Amino acid sequence: MGAGIAQVAAQAGFETVGREVSEELCEQARGRIEHYLGRGVEKGKLTAEERDAALGRLMFTTQLKDLAGCDLVIEAIVEELEPKRETFAELDRIVAPDAILASNTSALPIGKIAEATKHPERVVGMHFFNPAPLLLLVEIVRAEHSSDEAVDAAYEWAERAGKQPVRCNDTPGFIVNRVLVPTLNDCIRLLDDGITPEDLDKAMTKGVGWPMGPCALVDLVGVDIHIHAAEAMHEATGDERMAPPERLREMAAAGHLGRKTGRGFFDYS
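Residue positions are given per chain, counting from 1 as you read along its sequence in written order. Note on the predicted model: pLDDT of at least 70 is required for a residue's local features to be given, and 80 or more for side-chain atom pairs to be given and counted; whole-chain, interface and lining totals, by contrast, use all residues. Neither water nor hydrogens contribute to the side-chain values; these are computed over all heavy atoms in the structure.

(A) Layout of the overall build of the protein. Numbering goes from the N terminus for both helices and strands, where a helix is a DSSP run of H or I of at least four residues and a strand is a run of E of at least two. When helices and strands are counted, the protein shows eleven helices and seven strands. Considering only C-alpha atoms, the protein reaches an extent of 55 × 45 × 30 Å along its principal axes. Remark: exposure states derive from per-residue accessible area (1.4 Å probe, protein chains only) relative to the maximum for the residue type, with buried under 20%, exposed over 50%, and partly exposed in between. By the burial criterion, 44% of the 269 residues in the protein qualify as buried. Should any heavy atoms of two residues lie within 4.5 Å, those residues are counted as being in contact. Considering only intrachain contacts with a sequence separation of at least 6, the fraction spanning at least 24 residues in the protein is 67%.

The following block contains the structure:
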């Protein structure tokens, strides 16, 4: 997600700094962006000059301090509250007083993240969807102390980046995941009744019109990411439909996390 958001920013004309935890991961992120921009040229969706210009606006670093000059920082680290709070506390000390800090979390409370800063009024949610360069929606999330200026600026940035933002409040799951997570859980529980992933996905794409079946979607998002989101929403709401099915926990324990590991509900090797 981080590389995808960085690609969105650079393609939209913004000078972009991507921060990773190692030089190796920086190179992987740059390579991934170069690959997808190259495919865009091959498909005629952008010119070679546009690709080169976007790459020229992109730099990578392993140092959080190199984000000091950014007007907007979008965090897309692990989907765990404490690491996010630690990152935001440090960013709050590094960036300018009027810079906006945004989290790409899919389900964690923005307000809880903002509590780690001295300036919670500048903290918002900017929830992109995977893959970020292709999907248009961005949920702009207002927490209890988010200022109108921060929310409006994040919304306007998303529009300038070619996205279609929506505003929502800091409620469990925001808009999409509040509906999608329990629905996906219900779908996955049907597999316990002997339905195959292939037939389940075929039923939902051909019968309901989903662009992607539920099993393929969880494989794309990542089984572990879905579990994190489901657990956070279950804890927040107490709704048993939010709790991740045992099948997903077993898959995660076996290392079958979906596309990123080569195996989930389907085999991608």
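(B) Representation of the nonpolar core. One finds Leu72, Val124, Met126, Phe128, Ile140 and Trp157 to be the most contacted residues of the largest nonpolar core, which totals 20 residues. Put simply, the parts of the chain that give this core at least two residues each are α1 (2-11), β4 (100-103), β5 (123-128), β6 (137-142) and α6 (148-160). The element best represented in this core is α6, accounting for six residues. If we ignore the near neighbours within four places in the chain, the residues touching Leu72 are Ile100, Ala102, Met126 and Trp157. Side-chain atoms within 4.5 Å are what join buried Ala, Val, Leu, Ile, Met, Phe, Trp, Tyr and Cys residues into a set we call a nonpolar core.

(C) Focus on the sheet that holds β6. Pairing between two strands requires that DSSP report at least two bridges joining them. Judged by pairing direction, the sheet is mixed, and its five strands sit side by side in the order β3-β4-β5-β6-β7 without closing on themselves. Of all the strands in the sheet, just β3 (72-75) and β7 (164-169) have a single pairing partner and so form its edges. Each strand axis lies, on average, 30 degrees off the axis of its neighbour in the sheet, ignoring direction. On top of the sheet, helix α4 (residues 81-94) reaches β3, β4 and β5; it is set at about 170 degrees to β4, its chief contact. As a rule, the C-alpha atoms of each element are fitted with a line to give its axis, helices using only the stretch in contact, and angles between N-to-C directions run from 0 to 180 degrees.

(D) A look at the state of the cysteines. Only a pair of cysteine sulfur atoms within 2.5 Å counts as a disulfide in this structure description. This structure, assessed with the given rule, holds zero disulfides. Among the cysteines around Cys26, which has no disulfide bond, Cys70 carries the closest sulfur, lying 14 Å off. Left unpaired, Cys215 is separated from the closest cysteine sulfur, that of Cys187, by 7.8 Å. By relative accessible area, Cys215 is classed as buried at 0%.

(E) Focus on the packing of helix α7 (residues 176-189) against helix α9 (residues 214-221). The contact between α7 and α9 brings their axes to 10 Å, and the two run at 120 degrees. Compared by their axis directions, α7 and α9 come out oblique. Considering only the axes of α7 and α9, their crossing is left-handed. Contacts between α7 and α9 pair Leu180, Leu184, Cys187 and Ile188 from the former with Pro214, Leu217 and Val218 from the latter. Here the residues of the contact of α7 with α9 are counted per class, giving seven nonpolar, no polar and no charged. Any angle that is under 35 degrees is reported as roughly parallel, and any over 145 degrees as roughly antiparallel; angles of 65 to 115 degrees are reported as roughly perpendicular and all others as oblique. For a crossing to be left-handed, the near helix must be turned anticlockwise from the far one by less than a right angle; the clockwise case is right-handed. Residues were grouped as follows: Ala, Val, Leu, Ile, Met, Phe, Trp, Tyr, Cys and Pro as nonpolar; Asp, Glu, Lys and Arg as charged; and all remaining residues, including Gly, as polar.

(F) Broad picture of the pattern of salt bridges. Any carboxyl oxygen of Asp or Glu within 4 Å of a side-chain nitrogen of Lys or Arg constitutes a salt bridge here. According to the stated counting rule, one finds 13 salt bridges in the structure shown. By sharing partners, the salt bridges in this structure join Glu75, Glu79 and Lys84 into a single network.

(G) Just α7, in detail. By this rule, a helix spans an expected 1.5 Å times one less than how many residues it contains. A rise of 1.5 Å per residue sets the reference length of α7, with its 14 residues, at 20 Å; its end C-alpha atoms lie 20 Å apart and thus fit the reference within 8%. What α7 keeps buried is the set Asn177, Val181, Pro182, Leu184, Asn185, Cys187 and Ile188. Of the surrounding secondary structure, the elements contacted by the buried residues of α7 are β5, α8 (197-206), α9, α10 (223-237) and α11 (246-253).

(H) Spatial organisation of the packing of aromatic side chains. Stacked, tilted and edge-to-face are the three classes assigned to paired rings of Phe, Tyr and Trp, where Trp is represented by its six-membered ring and a pair needs centres within 6.5 Å; plane angles under 30 degrees give stacked, over 60 edge-to-face, the rest tilted. If you walk through the whole model with that rule in mind, you get one aromatic pair. A ring is considered to have a charge above it if a Lys NZ or an Arg CZ atom is located within 6 Å of its centre and within 35 degrees of its normal. The positively charged end of Arg167 is found above the aromatic ring belonging to Tyr155, 4.2 Å away from the centroid.

(I) Spatial organisation of the packing of α7 against α10. Between α7 and α10, whose axes approach to 10 Å, the crossing angle comes to 110 degrees. With respect to α10, the axis of α7 lies roughly perpendicular. Contacts from Asn177, Arg178, Val181, Leu184 and Asn185 in α7 reach His226, Ala230, Met233 and Thr237 in α10. Of the residues that constitute the contact of α7 with α10, the class distribution is four nonpolar, four polar and one charged.

(J) Geometry of unusual backbone geometry. Of note, the amide linkage connecting Asn130 to Pro131 takes the cis form, showing an omega dihedral of 0 degrees. Position of Pro131 relative to the elements: it lies in the loop between β5 and β6. For Phe174, which is not glycine, the phi torsion reads 55 degrees and is therefore positive. When you line up the elements, Phe174 lands in the loop between β7 and α7. Take Phe174: its relative accessible area is 5%, and that puts it in the buried class.

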